[in-house]
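Report on the structure
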Amino acid sequence: MAKITAGVATSHVPAIGAALDSGKSGDDYWAPLFAGYAFSKEWIAREKPDVIILVYNDHASAFSLELIPTFAIGCAEEFSPADEGWGPRPVPKVIGHPALAWHLAESLILDEFDMTIVNRMDVDHGLTVPLSLMFGQPEAWPCKVIPLAVNVVQYPPPSGKRCFDLGKAIARAVESFPEDLKVMVFGTGGMSHQLQGPRAGLINKDHDNAFLDRIVSDPVAQSKVAHLDYVREAGSEGIELVMWMVMRGALHETVRQVHRFYHVPASNTAVGHLILENPEP
Ligand code: DHB
Ligand code: FE
């Protein structure tokens, strides 16, 4: 049977992708950020997932304000890097896992999560930057990726509780897939940042560190935090953190934290990163 072995959370700032793509990752500004992912790259090269269910948000690249799915699952064979205004990032195509994606769609929808099924979708920095942070710059991504897009751009986003419950439903779905697959779930976005309005530039280290503690040790309490609390404490784009709750919901209540990293700033964002392993059966 398929099995979720671990979850990864990481911020997804576009400037991180640009720094890597233009050979600036060793610059004084960027080196401390990439140093926080050195362990992670070794860890994932060792752990070798077959499939990543990558929970991220599209930033008006694949979807516009004309069509805003709350939860969308990518069932295609492949997904191309999106053109976000400077041309597509020079990264490999993302190869999907249609059989598992359709199984997820069926299981989640019958479990009363009304997923939007997407058969064609370009993927922006929300998805490709986390892959770059974990895998560097390979010729091809070393595993299959199922994109799961969450609307956190246009109000109203789903609640943290809904995201946490979706994660639990993902775990049930994966556990009922008959093929022996090692599956990881990524939750991306955050941490505190606000790109617009009078509070643009907001960073809240106290909030972020408390969130990093709580999502590991007391996810049920964290799942009850209202979305306006995320916005007030972490900024308008800090609401991206609800996507970490999907990842957390897909793991066991008690997990092993194998890595934690926090760094300010990367572009306008506080960067957070966690690697959590499910206990061995
Ligand atoms: C930045 C962060 C984001 O999450 C994003 O989607 C775009 C820009 C930034 O920090 O610049
Ligand atoms: Fe973002």
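Everything that follows concerns the structure shown earlier in this document.
Because the structure is predicted, anything quoted here is derived from the model rather than measured.

1. Brief notes about the overall build of the protein chain
- Helix and strand counts for the protein chain stand at 10 helices and 10 strands.
- Rg of the C-alpha trace for the protein chain: 17 Å, near the compact-globule value of 19 Å for 281 residues, within the 12% margin.
- Residue burial in the protein chain is summarised as follows: out of 281 residues, 57% are buried.
- Counting only contacts in the protein chain whose residues sit at least 6 apart along the sequence, the fraction spanning at least 24 positions is 81%.
- Of the roughly 11,900 Å² that the protein chain leaves accessible, carbon and sulfur atoms contribute 53%.
- Here the protein chain contributes 22 positively and 34 negatively charged side chains, and the mean placements of these two sets differ by 5 Å.

2. Section: the site of ligand 1
- Every residue near ligand 1 is listed here: His-12, Val-13, Pro-14, His-59, His-125, His-193, Leu-195, Glu-240, Ala-266, Ser-267, Asn-268 and Thr-269.
- The contact in question runs from an oxygen atom of ligand 1 to an N or O atom on the side chain of His-125, over 2.8 Å.
- Glu-240 has a polar side-chain atom sitting 3.4 Å from an oxygen atom of ligand 1.
- In the complex, the protein chains occlude 90% of the 300 Å² of accessible area that ligand 1 would expose alone.
- Taken together, the residues of the shell around ligand 1 sort by class into four nonpolar, seven polar and one charged.

3. What to know about the pairing of strand 3 (residues 71-74)
- Going residue by residue along strand 3, you find Phe-71 and Ile-73 tucked away on one face and Ala-72 and Gly-74 tucked away on the opposite face as well.
- Across three bridges, the pairing between strand 3 and strand 7 (residues 144-150) is antiparallel. Each residue of the ladder has a partner; that of Phe-71, found in strand 7, is Val-150.
- Sheet topology places strand 3 next to strand 6 (residues 116-118); three bridges connect them, and they run parallel. Of the residues in strand 6, the one forming a bridge with Ala-72 is Thr-116.

4. Describing the packing of helix 4 (residues 98-110) against helix 6 (residues 160-175)
- Contact pair helix 4 / helix 6: the axes reach a minimum separation of 9 Å and the direction vectors enclose 125°. The angle between helix 4 and helix 6 falls in the class oblique. Along this stretch, helix 4 crosses helix 6, giving a crossing that reads as right-handed. Contacts between helix 4 and helix 6 involve His-103, Leu-104, Ser-107 and Leu-108 from the former and Leu-166, Ala-169, Ile-170, Ala-173 and Val-174 from the latter.
- Its residues assigned to classes, the contact of helix 4 with helix 6 comprises seven nonpolar, two polar and no charged.

5. Here's the deal with the coordination of the iron ion (ligand 2)
- Each protein donor to the iron ion (ligand 2) is listed here as His-12 (NE2), His-59 (NE2) and Glu-240 (OE); together their distances run 2.1 to 2.2 Å.
- In terms of primary sequence, the donors binding the iron ion (ligand 2) are separated according to H-x46-H-x180-E. Of the two residues, His-12 sits in the loop between strand 1 (3-10) and helix 1 (14-21) while Glu-240 sits in the loop between helix 9 (227-234) and helix 10 (242-249), which places them 228 residues apart along the sequence.

6. Concerning the environment of Ala-72
- Positionally, Ala-72 belongs in strand 3.
- On the accessibility criterion, Ala-72 (0% relative accessible area) is buried.
- Separated by 15 residues in the primary sequence, Ala-72 and Asn-57 place their C-alpha atoms 9.7 Å from one another.
- Not counting residues within four places of it along the chain, the set of residues in contact with Ala-72 comprises Phe-63, Thr-116, Val-118, Pro-147, Leu-148 and Ala-149.

7. A few points about the sheet that holds strand 1
- With mixed pairing, eight strands are arranged side by side in an open sheet as 6-3-7-2-8-1-10-9. Taken across any chain shown, the strands that pair with only one partner, and hence form the sheet edges, are strand 6 and strand 9 (256-266). Each neighbouring strand pair of the sheet contributes to a mean axis angle of 20°, computed without reference to strand direction.
- Direction of pairing for strand 1 relative to strand 10 (residues 269-277): antiparallel, over a ladder of five bridges.

8. So, the nonpolar core
- One finds Ile-4, Leu-104, Leu-166, Ile-170, Val-183 and Trp-244 to be the most contacted residues of the largest nonpolar core, which totals 54 residues.
- For Ile-170, the contacting residues outside a window of four places in its chain are Ile-4, Ile-53, Leu-104, Leu-108, Leu-148 and Val-246.
- The next biggest cluster of nonpolar side chains, apart from the first, holds 41 residues, and it includes Leu-33, Phe-34, Phe-186 and Val-258.

Procedures and definitions
- Sequence order as written defines residue numbering, which begins from 1 separately in each chain.
- To label them, take the chains in the order written and letter them from A, then take the ligands in the order written and number them from 1.
- In view of the model being predicted, local features appear only for residues whose pLDDT reaches at least 70, and side-chain atom pairs are presented and counted only at 80 or more, with totals across whole chains, interfaces and linings using the full set of residues.
- Values shown for side chains rest on all heavy atoms present in the structure; no hydrogens or waters enter the calculation.
- Put simply, DSSP H or I for four residues or longer makes a helix, DSSP E for two residues or longer makes a strand, and each gets a number counted from the N terminus.
- We compute the radius of gyration over the C-alpha atoms and compare it with the globule rule, which gives 2.2 Å times the number of residues raised to the power 0.38.
- Exposed residues in this analysis have more than 50% of their type's maximum accessible area, buried residues have under 20%, and partly exposed residues fall in between, with area computed by a 1.4 Å probe over protein chains only.
- Working rule for contacts: check all heavy atoms of both residues, and any pair within 4.5 Å makes them a contact.
- Surface accessibility follows the Shrake-Rupley procedure with a 1.4 Å probe radius. Residue values consider only the protein chains on display as shielding.
- Residues scored as positive are Lys and Arg, those scored as negative are Asp and Glu, and His as well as the terminal groups of each chain are ignored.
- Note that the charge is assigned to NZ on lysines, CZ on arginines, CG on aspartates and CD on glutamates.
- We call a residue near a molecule or strand whenever a single non-hydrogen atom of that residue lies within 4 Å of it.
- Polar contacts here mean pairs of N or O atoms no more than 3.5 Å apart (in protein, one a potential hydrogen donor and the other a potential acceptor; neighbouring residues in sequence count only if both atoms are side-chain atoms).
- The classification used treats Ala, Val, Leu, Ile, Met, Phe, Trp, Tyr, Cys and Pro as nonpolar, Asp, Glu, Lys and Arg as charged, and all other residues, Gly among them, as polar.
- Pairing between strands is defined by DSSP: at least two bridges between the two strands are required.
- Axis definition: a line fitted to C-alpha atoms, limited for helices to the stretch in contact. Angles are taken between N-to-C directions and run from 0 to 180 degrees.
- Angles below 35 degrees are treated as roughly parallel, those above 145 as roughly antiparallel, those between 65 and 115 as roughly perpendicular, and all remaining angles as oblique.
- Handedness of each helix crossing follows the sense of rotation of the near helix against the far helix: counterclockwise by less than a right angle gives left-handed, clockwise gives right-handed.
- Sodium, potassium and calcium take a 3.2 Å donor cutoff, other metals 2.8 Å, and in both cases only N, O and S atoms count; water is not among them, so sites may look incomplete.
- We define a nonpolar core as any set of buried Ala, Val, Leu, Ile, Met, Phe, Trp, Tyr and Cys residues linked to one another through side-chain atoms lying within 4.5 Å.

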